[in-house]
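Structural features, examined
These are the residues of each chain, in order.
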Amino acid sequence: MPEMNATATTLPPISLWRRGKNAVVTGAAVGAVIVVLAPLVAIFGYLVYKGIGSINWAFLTQIPAGPGESGGGMANAIAGSCLILAIGSVMGVPIGIGAGIYLAEYGRNRFGDVIRFTADVLNGVPSIVVGIVAYAIVVVTQGHFSALAGGCALAIMMIPTITRTTEEMLLLVPNVVREAAYGLGVSRWRTTLSITLRTATSGVITGVMLAFARVAGETAPLLFTTLGNQYWNWKLNEPTAALSLQVFSYAISPYEEWHRQAWAGALILIVLIVAAVCAVRIAASRGTLKGAN
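What this report covers is the structure whose coordinates are included nearby. Quantities reported herein were computed from a predicted structural model and do not represent experimental measurements.

For the structure on display, the rule yields eight aromatic pairs. Seen in terms of ring centroids, tyrosine 46 and tyrosine 49 are 6.2 Å apart; in terms of plane orientation they differ by 35 degrees. Their pairing is tilted. Highlighted residues: tyrosine 46 and tyrosine 49, both in helix α1 (residues 16–51), separated by three residues, approximately one helical turn. Look at tyrosine 49 and you get exposed, because its relative accessible area is 63%. Plain terms: the ring middles of tryptophan 232 and tryptophan 234 are 6.4 Å apart, the flat faces sit at 15 degrees to each other, and that makes the pair stacked. Tryptophan 232 sits in the partly exposed class, given a relative accessible area of 44%. For tryptophan 234, a relative accessible area of 56% corresponds to the exposed category. Through a chain of ring-to-ring contacts, three or more aromatic side chains come together here, namely Tyr46, Tyr49 and Trp263.

Now the structure itself:
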């Protein structure tokens, strides 16, 4: 039987037309990234330029000075924002994740369609309308403004985003993962919580952070609910300062010193949001929040 010599096959060279198309598409993709990032970098750079000069120890530790007076700070507003955001997260995150789990695992029915439609509508409702609703439900019932009312308004805004994101992330988990758990005798609810949800943890946390970042800088809902405060307050049922409210009040004032502090407050708000998002992402990737994916 004669030997057969294997001959090496060579791929034909890539044509100039294909190289050109690849370069054009790659350039378009890079250009799109630049178009998206350029405004963000410009805004952050301008905030740093206008606000960094007014940030000092007094700004971070003192309460606002009187009208027309120099000095003072936004320490109470920073603490108030943290308090209100914590209230909103404690109320909104569990409800949003729970609703998303229901839609993904049990919501293939008419009731689930109603929840999806409601969540989609709430995602498009202006924040000032949410503030008015929270005012009517909480403030009118309590008879006064409070940090709790502000937290309720932010929770209402967080829930639809978290719900829809959680549903989509859970639907991305392959059904074979669920079937393997069922085959081992694991109950459906335990499979959902311990396997499906854990597998999608990274995506769920991303949705929570998107909702958190959206509401962190909101002003309109807090105008109707927390009102603001020039002093320290840690009580949930009393008016409370917030960074976004303080920045708004200072920005429309006639005092140049307050205008400078408004820029500094806006910069601090952005830094706090970025720091919170980064901290949760690090915890999700390295700590106990890390999912199976």
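A few words now on the pattern of salt bridges. Under the criterion given, the structure shown has seven salt bridges. One salt bridge in this structure joins arginine 164 and aspartate 120, with 3.0 Å as the shortest N-O distance. With arginine 164 in helix α6 (residues 147–171) and aspartate 120 in helix α4 (residues 110–123), the pair connects residues that are 44 residues apart, well separated along the chain. The class of aspartate 120 is partly exposed, set by a relative accessible area of 41%. In this structure, the salt-bridge partner of arginine 260 is glutamate 257, at a minimum N-O distance of 2.5 Å. Placement of the pair is arginine 260 and glutamate 257 together in helix α12 (residues 256–286), with a separation of three residues, close to one helical turn. Residue class for arginine 260 comes out partly exposed when judged on its relative accessible area of 36%. With a relative accessible area of 21%, glutamate 257 lands in the partly exposed category. Taken together, the shared-partner salt bridges in this structure form one network comprising Asp113, Arg116, Asp120, Arg164 and Glu167.

Quick look at helix α3 (residues 75–105) now. When the terminal C-alpha atoms of α3 are compared, their 44 Å separation across 31 residues agrees well with the 45 Å that a helix rising 1.5 Å per residue should span. With 22 of 31 residues buried, α3 is to be regarded as a mostly interior element.

Between two packed helices, the angle of one axis relative to the other and the distance separating the axes together describe the packing. At a minimum axis distance of 11 Å, the contact between α3 and helix α9 (residues 201–216) shows a crossing angle of 140 degrees. In terms of orientation, α3 and α9 fall into the oblique class. Seen along the crossing, α3 lies across α9 with a hand that is right-handed. Along the contact surface, α3 presents Leu85, Ser89, Val93 and Ile97, while α9 presents Val204, Val208, Phe212, Val215 and Ala216. Its residues assigned to classes, the contact of α3 with α9 comprises eight nonpolar, one polar and no charged.

Inspection of the secondary structure assignment puts isoleucine 273 in helix α12. Isoleucine 273 sits in the buried class, given a relative accessible area of 14%. Setting aside residues no more than four positions away along its own chain, isoleucine 273 makes contact with Ala213, Ala216 and Gly217.

Within the largest apolar cluster, 44 residues are counted, with the highest numbers of intra-cluster contacts made by Ile97, Met158, Ile162 and Leu243. Elements represented by at least two residues in this core include exactly α3, α6, α9, α11 (243–251) and α12. Leucine 243 has contacts with Met74, Ala77, Ile78, Ser81, Gly265, Ile268, Leu269 and Leu272, leaving out every residue within four places of it along the chain.

For arginine 116, the position within the fold is in helix α4. Judged by its relative accessible area of 10%, arginine 116 is buried. When the C-alpha atoms of arginine 116 and glutamate 167 are compared, they prove to be 9.6 Å apart, with 51 residues separating the residues in sequence. Not counting residues up to four positions away in its chain, the partners in contact with arginine 116 are Leu103, Gly107, Arg108, Arg164 and Glu167.

Here the focus is the side chain of threonine 192. With respect to the secondary-structure elements, threonine 192 resides in helix α8 (residues 188–199). Once residues within four sequence positions are removed from consideration, threonine 192 is found in contact with Ile101, Glu105, Tyr106 and Leu197.

Once that is clear, we can look at the side chain of serine 127. Tracing the backbone through its elements, the reader meets serine 127 in helix α5 (residues 127–142). For serine 127, the side chain forms a polar contact with the side chain of glutamate 218, separated by 3.0 Å. Ignoring sequence-local partners within four residues, the contact set of serine 127 consists of Met157, Glu218, Ala220 and Pro221.

What follows is about the state of the cysteines. Here, disulfide denotes a covalent bond that connects the sulfur atoms of two cysteines. Counted according to the given criterion, the structure contains zero disulfides. Lacking any disulfide linkage, cysteine 82 is separated from the closest cysteine sulfur, that of cysteine 278, by 16 Å. Residue cysteine 152 stays outside any disulfide, its sulfur separated by 18 Å from that of cysteine 82, the closest cysteine. For cysteine 152, a relative accessible area of 14% puts it in the buried group.

Conventions used here
Residues numbered from 1 in each chain as written. Predicted model: local features only at pLDDT ≥ 70, side-chain atom pairs only at ≥ 80, totals over all residues. Heavy atoms only, no water. Phe/Tyr/Trp six-rings, centres within 6.5 Å; stacked < 30°, edge-to-face > 60°. Helix = DSSP H or I, 4+ residues; strand = E, 2+ residues; numbered from the N terminus. Buried < 20%, exposed > 50% of the residue type's maximum accessible area, 1.4 Å probe, protein only. Salt bridge = Lys/Arg side-chain N within 4 Å of Asp/Glu carboxyl O. Expected span 1.5 Å × (residues − 1). Axes fitted to C-alpha atoms, helices over the stretch in contact; angles between N-to-C directions. Parallel < 35°, antiparallel > 145°, perpendicular 65-115°, else oblique. Left-handed = near helix turned anticlockwise from the far one by under 90°. Contact = heavy atoms within 4.5 Å. Nonpolar A, V, L, I, M, F, W, Y, C, P; charged D, E, K, R; others polar. Core = buried A, V, L, I, M, F, W, Y, C linked by side-chain atoms within 4.5 Å. Polar contact = N/O pair within 3.5 Å; in protein donor to acceptor, adjacent residues only side chain to side chain. Disulfide = S-S within 2.5 Å.

That is the geometry; function is a separate question.
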